[in-house]
Amino acid sequence: MASQQEILNDERFRHVPSDPRFWEMPERERKVKIDKRFRAMFHDKKFQLKYTVDKRGRPVNYTTKEDLRKFYALSESDSDLSESDGKEHTENKTKKKKAKPKVEEDS
């Protein structure tokens, strides 16, 4: 095999390192951003499959949950909202439980 230096010295391939089409995609742009409507797919059992073999028959030990985390990310504005919504939701539940007045019946 030809060494890396020989390939870069070849006139046909000299443009490859400077051509943006061949650059690696940045990590933050690699994942597809999804909004809070679809955040249930990270937790719902309907979206999680456990594989025992890969497409070539070799044994593997992972679920589709890892693939979802690998390819999808919650959009930043929605993830901030979802965290604050979750906190407000739990606070509202506790307030509702405390706010119920006792009703005394006169007999």
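Structure: see above.
Residues numbered from 1 in each chain as written. Predicted model: local features only at pLDDT ≥ 70, side-chain atom pairs only at ≥ 80, totals over all residues. Heavy atoms only, no water.

1. Overview of the overall build of the chain
Along the backbone of the chain there are four helices and four strands. Element order for the chain, N to C, with α for helix and β for strand: α-α-β-β-β-α-β-α. Per-residue burial over the chain gives 10% buried out of 107 residues. In the chain, the proportion of contacts linking residues at least 24 apart, taken out of those at least 6 apart, comes to 48%. (Helix = DSSP H or I, 4+ residues; strand = E, 2+ residues; numbered from the N terminus. Buried < 20%, exposed > 50% of the residue type's maximum accessible area, 1.4 Å probe, protein only. Contact = heavy atoms within 4.5 Å.)

2. Concerning the packing of aromatic side chains
Counted under the stated rule, the structure contains zero aromatic pairs. Here Arg69 stacks its cationic end above the ring of Phe42, 4.3 Å away from the centre of that ring. (Phe/Tyr/Trp six-rings, centres within 6.5 Å; stacked < 30°, edge-to-face > 60°. Lys NZ or Arg CZ within 6 Å of the ring centre and 35° of its normal.)

3. Re the pattern of salt bridges
Applying the stated criterion across every chain, the model contains six salt bridges. As a salt-bridge pair, Arg37 and Asp35 come within 2.8 Å of each other at their nearest N and O atoms. By relative accessible area, which is 64% here, Arg37 ends up exposed. Classification of Asp35 as partly exposed rests on a relative accessible area of 21%. Among the salt bridges present, the one from Arg58 reaches Asp54, with a minimum N-O distance of 3.1 Å. (Salt bridge = Lys/Arg side-chain N within 4 Å of Asp/Glu carboxyl O.)

4. With respect to a nonpolar patch on the surface
Taken together, the side chains of Val32, Phe71 and Tyr72 present a nonpolar region at the surface, about 270 Å² in accessible area. Among the secondary structure elements, Tyr72 is positioned in strand β4 (residues 72-74). By relative accessible area, Tyr72 is classed as partly exposed at 32%. (Patch = residues over 30% accessible without salt bridge, like charges linked within 9 Å, V, L, I, M, F, W, Y side chains within 5 Å. Areas by Shrake-Rupley, 256 points an atom, 1.4 Å probe, with all protein chains shown as cover.)

5. Some details on the pairing of strand β2 (residues 50-53)
Sheet topology note: the β2/strand β3 (residues 59-63) ladder contains three bridges and is antiparallel. In the strand pairing of β3, Lys50 is matched with Thr63. Between β2 and β3, which pair antiparallel and follow one another directly, the connecting turn spans five residues, one of which, Gly57, has a positive phi of 90°. (Pairing = 2+ DSSP bridges.)

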